[in-house]
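Examining the three-dimensional arrangement
Here is what each chain is made of, one letter per residue.
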Amino acid sequence: MPVLRTPNTPATPAPCRVVVCRDCCCGTPKVTGVDHERQTERLAEDAPVRVSDCLGVCEHANVIVVQPSAAARAAGARPVWLGLVNDPDATEDIVAWVRAGGPGIAPCPDILGLYVFTPPRKTR
């Protein structure tokens, strides 16, 4: 199992990761009323975050993908795509799920089911 190591700390299992789309629509003034920078910062407080160029699903802006940990992925878990994440409460729900282990470790909270979508095959 992959581990994260920092000086003077014991090894811990690698957590799930978060990808935030920040390009032509997501993370821009086109999606109004959202503090995009704060959303990314908040997610990064609890998980590694990668900022991506356009993920090709602009109609779902803001898009966040929660990727399973390596152990969960090895057990069959797959990334979960969340769209229209334009509310601080939804961001907090994602943070709580990530903190609990994310895909394959903790069940997706029912409220996040409202945001889940399947991206087109060419996007995955």
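This text follows the structure it describes.
One structure accompanies this document, and this report is about it. (Residues numbered from 1 in each chain as written. Predicted model: local features only at pLDDT ≥ 70, side-chain atom pairs only at ≥ 80, totals over all residues. Heavy atoms only, no water.)

Section: the packing of helix α1 (residues 36-44) against helix α3 (residues 88-100)
Contact geometry for α1 and α3: axes closest at 9 Å, N-to-C directions at 15°. In terms of orientation, α1 and α3 fall into the roughly parallel class. For the pair α1 and α3, the sense of crossing is right-handed. Facing α1, whose interface residues are Q39, R42 and L43, α3 presents T91, E92, I94, V95 and R99. (Axes fitted to C-alpha atoms, helices over the stretch in contact; angles between N-to-C directions. Helix = DSSP H or I, 4+ residues; strand = E, 2+ residues; numbered from the N terminus. Parallel < 35°, antiparallel > 145°, perpendicular 65-115°, else oblique. Left-handed = near helix turned anticlockwise from the far one by under 90°. Contact = heavy atoms within 4.5 Å.)

Regarding α1
Within the sequence span of α1, burial applies to H36, Q39, T40, R42 and L43. In a view along the axis of α1, the buried residues occupy a sector of 160°, so they form one face of it. Buried residues belonging to α1 abut β3 (17-21), β4 (49-52), β5 (64-67) and α3. (Buried < 20%, exposed > 50% of the residue type's maximum accessible area, 1.4 Å probe, protein only. Arc of directions from axis to C-beta.)

Here's the deal with the layout of surface pockets
There is about 170 Å³ of room inside the second largest pocket. In this structure, the second largest pocket is lined by G33, V34, D35, R38, Q39, R42, N86, D87, P88, T91 and E92. Those elements giving two or more residues to the lining of the second largest pocket turn out to be α1 and α3. Across the lining of the second largest pocket, the residue classes break down as 2 nonpolar, 4 polar and 5 charged. (1 Å grid on protein atoms, 1.4 Å probe; cavity = no way out; pocket = protein on both sides within 12 Å on 5 of 7 lines; lining within 4 Å. Points joined across faces, edges and corners; volume = space filled by probe spheres on them. Nonpolar A, V, L, I, M, F, W, Y, C, P; charged D, E, K, R; others polar.)

As for the environment of G27
Within the secondary structure, G27 is located in the loop between β3 and α1. For G27, a relative accessible area of 27% corresponds to the partly exposed category. With 35 residues separating them in the primary sequence, G27 and N62 have C-alpha atoms 6.6 Å apart. Look past the residues within four positions of G27 in its chain and what remains in contact with it is C21, R22, H36 and N62.

Details of the environment of V85
With respect to the element layout, V85 can be found in the loop between β6 (80-82) and α3. Taking the relative accessible area as the measure of exposure, V85 reaches 1% and is therefore buried. It is 7.2 Å that separates the C-alpha atoms of V85 and A61, two residues lying 24 residues apart in sequence. Those residues in contact with V85 that sit more than four places away from it in its chain are Q39, N62, I64, A90, T91, I94 and Y115.

Some points on the pairing of β3
Burial within β3 is extensive, with 4 of its 5 residues counted as buried. By the bridge criterion, 4 bridges tie β3 to β5 in an arrangement that is antiparallel. In the sheet register, R17 faces β5, and the bridge partner there is Q67. (Pairing = 2+ DSSP bridges.)

Digging into the nonpolar core
Residues I64, V66 and I94 are the most contacted members of the largest nonpolar core, which totals 18 residues. Going through the elements one at a time, β3, β5, β6 and α3 are the ones with two or more residues in this core. For this core, the element with the highest residue contribution is α3, accounting for 5 residues. In this structure I64 touches V18, V19, V20, Q39, L43, V80, W81, L82, V85 and I94, once residues within four positions along its chain are discounted. Grouped together as the second largest cluster of nonpolar side chains are 13 residues, C21, V31, V63 and F117 included. (Core = buried A, V, L, I, M, F, W, Y, C linked by side-chain atoms within 4.5 Å.)

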